[in-house]
Amino acid sequence: LMLNKPRGFVTTLSDEKGRPNAAQLVADCGVRVYPVGRLDMDSEGLLLFTNDGEFANALMHPKAGIEKVYVVKVRTVPSDEQLKALSASMDIDGYTIQPCRVYCPEPEIPNKLRFILKEGRNRQIRKMCEQVSLDVIRLKRNAIGSVKLGMLKVGKWRELTEDEVHRLQSQ
């Protein structure tokens, strides 16, 4: 399944603090599914769910190199130096992250950035921005591999097509 996760929902099957969780949004799908990867509570966008552990592990493993695309709005317009630093390898929480692509896709909105990652560490983009003194206002995942969020409404889910599943498995 793909879900357009709204902000304010944790990516877990249940939450000890009683916060709303993304699993509640797909509870009517007819089978028990669990999230593939995570989006933090303040992030939104494409989140996959499955009941196939092998499929989930293949998608999440960094060696798979499946690109994840995020649109990130920051409070101030980043400098060329900040963009260069965001694109380079950096240390986060004692781990050296892989370089990624970061650029401004719309010159008329210079504080809106696109991040393309091949791994996804815990709160990676937020921590990357923090290291270069950029404040994240909004973070949305738009794609995982060739599967795009498209026009799916916030809080809604749909089944992946056979073609989408096949493309994810073959990436």
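Thresholds applied
- Residues numbered from 1 in each chain as written.
- Predicted model: local features only at pLDDT ≥ 70, side-chain atom pairs only at ≥ 80, totals over all residues.
- Heavy atoms only, no water.
- Helix = DSSP H or I, 4+ residues; strand = E, 2+ residues; numbered from the N terminus.
- Contact = heavy atoms within 4.5 Å.
- Phe/Tyr/Trp six-rings, centres within 6.5 Å; stacked < 30°, edge-to-face > 60°.
- Lys NZ or Arg CZ within 6 Å of the ring centre and 35° of its normal.
- Buried < 20%, exposed > 50% of the residue type's maximum accessible area, 1.4 Å probe, protein only.
- Pairing = 2+ DSSP bridges.

1. Structural notes on the environment of G145
Turning to step 1, where the next piece is worked out: Tracing the backbone through its elements, the reader meets G145 in the loop between β9 (136-144) and β10 (147-148).
Turning to step 2, where the next piece is worked out: Between the alpha carbons of G145 and P99 there is a distance of 17 Å; along the sequence they are 46 residues apart.
Turning to step 3, where the next piece is worked out: Other than its neighbours up to four places away in sequence, G145 contacts I66, E67 and Q171.

2. A word on the packing of aromatic side chains
Pairs of aromatic rings are described using the distance from one ring centre to the other and the angle between the two planes.
Turning to step 1, where the next piece is worked out: Counted according to the given criterion, the structure contains zero aromatic pairs.
Turning to step 2, where the next piece is worked out: Its end group placed over the ring of Y95, R121 keeps NZ or CZ at 3.7 Å from the ring centre.

3. Some remarks on the pairing of strand β3 (residues 44-50)
Turning to step 1, where the next piece is worked out: Most of β3 sits inside the fold, with seven of its seven residues counted as buried.
Turning to step 2, where the next piece is worked out: When strand β1 (residues 2-5) meets β3, the two strands line up antiparallel, connected through four bridges. Looking at β3, one finds that M2 is bridged to L48.
Turning to step 3, where the next piece is worked out: Sheet topology note: the strand β2 (residues 34-36)/β3 ladder contains three bridges and is antiparallel. The residue of β3 that forms the bridge with P35 is F49.
Turning to step 4, where the next piece is worked out: Summarising the sheet, β3 and β9 pair through two bridges and their orientation is parallel. Opposite E44, over in β9, you have K140 as the bridge partner.

4. Some points on the pairing of strand β8 (residues 112-117)
Turning to step 1, where the next piece is worked out: Pairing analysis gives six bridges linking strand β4 (residues 68-74) to β8, with the strands arranged antiparallel. The residue of β8 that forms the bridge with K73 is K112.

5. Details of unusual backbone geometry
Turning to step 1, where the next piece is worked out: Even without being a glycine, R123 presents a positive backbone phi close to 50°.
Turning to step 2, where the next piece is worked out: Mapped onto the elements, R123 comes out in the loop between β8 and α4 (124-131).
Turning to step 3, where the next piece is worked out: On the basis of relative accessibility, which here comes to 36%, the residue R123 falls in the partly exposed class.
Turning to step 4, where the next piece is worked out: Phi at S133 is positive, roughly 60°, even though this residue is not glycine.
Turning to step 5, where the next piece is worked out: Its location among the elements puts S133 in the loop between α4 and β9.

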